[in-house]
Amino acid sequence: MSNKIRLGILGGGGDSLIGVVHRIASNMFDRYQLVGGCFNPNIEDNNSFAERIGIPLNRVYASFDILIEEELKLPVEERMEVISVLTPNFLHFPMAKKLLENGFNVICEKPLTTSYAEALELEAIQEEKQAVFAVTYTYTGYPMVRQMKDMIRRGVLGTIQKVDLQYYQGWINPVIHHPEERAKVWRLDPEKGGLSCCIGDIGTHAFDMLEYVTGMEVKQLLADLNTLYADNSLDVDGTVLIRMSEYCKGVIRASQIATAEENNFTVQIYGSKGSLKWQQENPNALIHLTEDLPMQVLKPGHDYLSEFSLDGSKIPPGHPEGIFDSMGNIYNGVAKALRNERHDEGAFPTLHDGVRGMLFIEKVLDSNANGNTWVTL
Ligand SMILES: NC(=O)c1ccc[n+]([C@@H]2O[C@H](COP(=O)([O-])OP(=O)(O)OC[C@H]3O[C@@H](n4cnc5c(N)ncnc54)[C@H](O)[C@@H]3O)[C@@H](O)[C@H]2O)c1
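Residues numbered from 1 in each chain as written. Predicted model: local features only at pLDDT ≥ 70, side-chain atom pairs only at ≥ 80, totals over all residues.

(A) Inspection of the sheet that holds strand 6 (residues 160–168) at higher detail. Strand order in the open sheet formed by 9 strands is 13-12-11-10-6-9-8-7-14, with mixed pairing between adjacent strands. The open sheet terminates on both sides in strands that have one partner only, identified here as strand 13 (296–298) and strand 14 (375–376). Where helix 13 (residues 351–369) meets the sheet, it contacts strand 7 (220–226), strand 8 (237–245) and strand 14, and its direction lies at approximately 70° from that of strand 7. (Pairing = 2+ DSSP bridges. Helix = DSSP H or I, 4+ residues; strand = E, 2+ residues; numbered from the N terminus. Contact = placed C-beta atoms within 7 Å. Axes fitted to C-alpha atoms, helices over the stretch in contact; angles between N-to-C directions.)

Right under this line is the structure:
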């Protein structure tokens, strides 16, 4: 009998952005089998999509409530073991909560919830149920990000003294100037997107990346957000000064109105002995700067990399690896946790990372609302 992990998916239908990334990622290490789900709220779309990707309709459910009800009727050895939540933000909390309460493991898209209080509630249930719970901050799965984490924890950079993370997109520029176009975007609707657009959607990636690679926590921040129009309630741009300690400071800059930018996510970490720079749009190059040597460019798959980084490369050096591979590495990390196999503590972003992300979003909004004051996390 197959030892593949039985995976279910909520959301991520044929009309979605992130669904295909999860489906391909879950197959990458041959560890999962997608057995069913509820991919769309519309039943016809749901069924036709399931047929197109070859999922038997007896496990394609009309709603997530029905999915849980029906799956619980199956013997444990047939039931979905882990369920990925890929719906718009406002559905993450009710879905993840009910899944945890009914004994399922969860892989959830970011931002984890629409409030910090909800995130804490999920954490309490997870502790009680001892479930595996990953939050897909996708970029942490790149081999060169893992290399960065490993070099920093081995002290290669010395003491971290300056951090600078930028995530610039431009996709909101064409819609923000037209109220009728803007109204069609769920990320700009507080009912569906939650408390924040830009900071919640991509600022949170930068925040997570910072804490992930440095192993340090952001202690204080001061934020200045921009909604661009008075009748647009959610931020589309923000600059956040941060303090990790008295002598380690920096900035997170996020924008969705950086006209014509695509996914320009840049991470720069400066230590007393050297610096690391990485760019999401060129993810196979990690730049290592030191004062005594010319610039070094580290690339995936080479023996000089850490075991953790090499674990995420499936092919010999020189074959580009991208966002699908990065998500694949996260799914592989979750598979190891589900099967009680040895894995690095950074193998997948945890529920706690998702909780920290929600704290960050709320504190950014507090700081901005209070007239751009320093707030403590
Ligand atoms: N990790 C990343 O880098 C990354 C990238 C993009 C999106 N995301 C996150 O993924 C989530 C989805 O984003 P997206 O861009 O794919 O959204 P999307 O609007 O493109 O797709 C959402 C999907 O959910 C389905 N859906 C909506 N309500 C549903 C319900 N009640 N039951 C079942 N399915 C339902 C829709 O039909 C659609 O297929 C968001 O939380 C977003 O923040 C993460």
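(B) Main features of the domain arrangement of the chain. Segmentation of the chain into domains returns domain 1 (5–138) and domain 2 (143–313 + 352–369). On a C-alpha basis, the centroid separation for the pair domain 1 and domain 2 is 26 Å. Taken together, the contacts link 16 residues of domain 1 with 19 residues of domain 2. (Domains from an automatic or database assignment.)

(C) Highlighting the site of the ligand. Not every one of the 23 residues close to the ligand is listed here, only the nearest: Gly 11, Gly 13, Ser 16, Leu 17 and Glu 109. Here the residues of the shell around the ligand sort into 10 nonpolar, 9 polar and 4 charged. (Near = placed C-beta within 6 Å. Nonpolar A, V, L, I, M, F, W, Y, C, P; charged D, E, K, R; others polar.)

(D) Spatial organisation of the packing of helix 4 (residues 92–101) against helix 5 (residues 116–129). The contact between helix 4 and helix 5 brings their axes to 9 Å, and the two run at 15°. Relative to helix 5, the element helix 4 is oriented roughly parallel. Read as a crossing pair, helix 4 and helix 5 show a hand that is left-handed. Contacts between helix 4 and helix 5 involve Phe 93, Ala 96, Lys 97, Leu 100 and Glu 101 from the former and Glu 118, Glu 121, Leu 122, Ile 125, Gln 126 and Lys 129 from the latter. Of the residues in the contact of helix 4 with helix 5, the class split is 5 nonpolar, 1 polar and 5 charged. (Parallel < 35°, antiparallel > 145°, perpendicular 65-115°, else oblique. Left-handed = near helix turned anticlockwise from the far one by under 90°.)

(E) Geometry of the nonpolar core. Within the largest apolar cluster, 103 residues are counted, with the highest numbers of intra-cluster contacts made by Val 82 and Val 106. The greatest single-element share of this core, amounting to 9 residues, is contributed by helix 10 (residues 198–214). Split by domain, the residues of this core number at least three in each of domain 1 (5–138) and domain 2 (143–313 + 352–369). Discounting chain neighbours no more than four positions away, the residues touching Val 82 are Ile 5, Leu 7, Phe 104, Asn 105, Val 106, Ile 107, Val 132, Val 334 and Leu 338. (Core = buried A, V, L, I, M, F, W, Y, C linked by C-beta atoms within 7 Å. Buried ≥ 20, exposed ≤ 12 C-beta atoms within 10 Å, placed from the backbone.)

(F) Examining the sheet that holds strand 1 (residues 5–11) more closely. The 5 strands are arranged 2-1-3-4-5 in an open sheet whose pairing can be described as parallel. Each edge of the sheet is formed by a strand with only one pairing partner; in this case those strands are strand 2 (32–38) and strand 5 (133–135). With strand direction ignored, the average angle separating the axes of adjacent strands in the sheet is 20°. Where strand 1 lies against strand 3 (residues 82–86), 5 bridges are found, and the strand directions are parallel.

(G) Region of interest: the environment of Glu 291. On the secondary structure map, Glu 291 appears in the loop between strand 12 (286–289) and strand 13. Classification of Glu 291 by C-beta neighbours within 10 Å gives exposed; the count is 7.

(H) Structural detail: the pairing of strand 7. Here strand 7 shows a clear split, with Leu 221, Ala 223 and Leu 225 buried on one side and none of Gln 220, Leu 222, Asp 224 and Asn 226 buried on the other. Pairing of strand 7 with strand 8 involves 7 bridges; the strand directions are antiparallel. Note that in strand 8 the partner of Leu 225 across the bridge is Gly 238. As defined by bridge partners, strand 7 adjoins strand 14 across 2 bridges and the pair is classed as antiparallel. Each bridged residue has a counterpart across the sheet, and for Leu 221 the counterpart in strand 14 is Val 375.

(I) Local environment of the pairing of strand 11 (residues 275–279). Pairing between strand 10 (residues 264–271) and strand 11: 5 bridges, direction antiparallel. Within strand 11, the residue paired with Tyr 270 across the bridge is Ser 275. Between strand 10 and the antiparallel strand that follows it, strand 11, lie 3 residues. Inspection of the sheet shows strand 11 paired to strand 12 by 4 bridges, in the antiparallel sense. Bridging from a neighbouring strand, Ser 275 pairs with Leu 289 of strand 12. Two successive antiparallel strands, strand 11 and strand 12, enclose a turn made up of 6 residues.

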